[in-house]
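Residue-level structural notes
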Amino acid sequence: MEQAERGEVDEAAFVDCVRTSLPFAWEMISSLVARLREDGGAFADNQTPPPDEHARGQLLRAMASDAIRGALERHFGVRLAFQNCHRVAVFPPGPVADERLARFTSVRAQLLNQSPVLRDC
């Protein structure tokens, strides 16, 4: 907060703040990035709902904030996508992933990802 009040904020310090203040979101994203790098697939995603509302809130905060989301994408070198208040996906950067990312974030994919349990999300 003090850095922001004085001027520009160091992005590495901001990322560290995200890591410590949103540990559930950080762990989910970092584990997906590790899985993407290890498996080498088109993308890696999470389909398990958070364990509680506090964890869900962390994930929503990380994904809904352009500043946080952008900092995480730059830090991990990935592109992030989000569906249904818990389904986070990480894609490798670059034009090869553009089509897969577009399909994942399409209206059709959003609707197909709905289930009776998740319709209130």
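Up top you'll find the structure we're talking about.
The text that follows walks through the structure, step by step, so that each part is easy to find. (Residues numbered from 1 in each chain as written. Predicted model: local features only at pLDDT ≥ 70, side-chain atom pairs only at ≥ 80, totals over all residues. Heavy atoms only, no water.)

**Here we look at the environment of S65**
If you trace the backbone, S65 turns up in the loop between α4 (53-64) and α5 (66-76). A polar side-chain atom of S65 sits 3.1 Å from the main-chain amide nitrogen of I68. (Helix = DSSP H or I, 4+ residues; strand = E, 2+ residues; numbered from the N terminus. Polar contact = N/O pair within 3.5 Å; in protein donor to acceptor, adjacent residues only side chain to side chain.)

**Details of the nonpolar core**
Membership of the largest hydrophobic core comes to 22 residues, with the highest contact counts inside it found for I29, L72, F76, V78, L80, V88 and V90. Breaking this core down by element, the ones donating at least two residues are α2 (11-21), α3 (23-39), α4, α5 and β3 (87-91). Top element by residues in this core is α3. It accounts for seven residues. Sequence-distant contacts of V90, defined by excluding residues within four places in its chain, comprise L32, V33, L36, F43, A44, V78, R79 and L80. Counting five residues, the second largest nonpolar core, distinct from the first, contains A81, A89, F91 and A97. (Core = buried A, V, L, I, M, F, W, Y, C linked by side-chain atoms within 4.5 Å. Buried < 20%, exposed > 50% of the residue type's maximum accessible area, 1.4 Å probe, protein only. Contact = heavy atoms within 4.5 Å.)

**Looking at the pattern of salt bridges**
Enumeration according to the criterion identifies four salt bridges in this entry. Note that E11 is salt-bridged to R74, the shortest N-O span being 2.9 Å. Separated by 63 residues along the polypeptide, E11 in helix α2 and R74 in helix α5 bring together distant segments of the chain. Take E11: its relative accessible area is 33%, and that puts it in the partly exposed class. Assessed through its relative accessible area of 53%, R74 is described here as exposed. R56 is paired through a salt bridge with E53; the nearest N and O atoms lie 3.2 Å apart. Separated by three residues within a single helix, R56 and E53 lie in helix α4, roughly one turn from each other. (Salt bridge = Lys/Arg side-chain N within 4 Å of Asp/Glu carboxyl O.)

Keep in mind that these numbers describe shape and distance, not what the molecule does.
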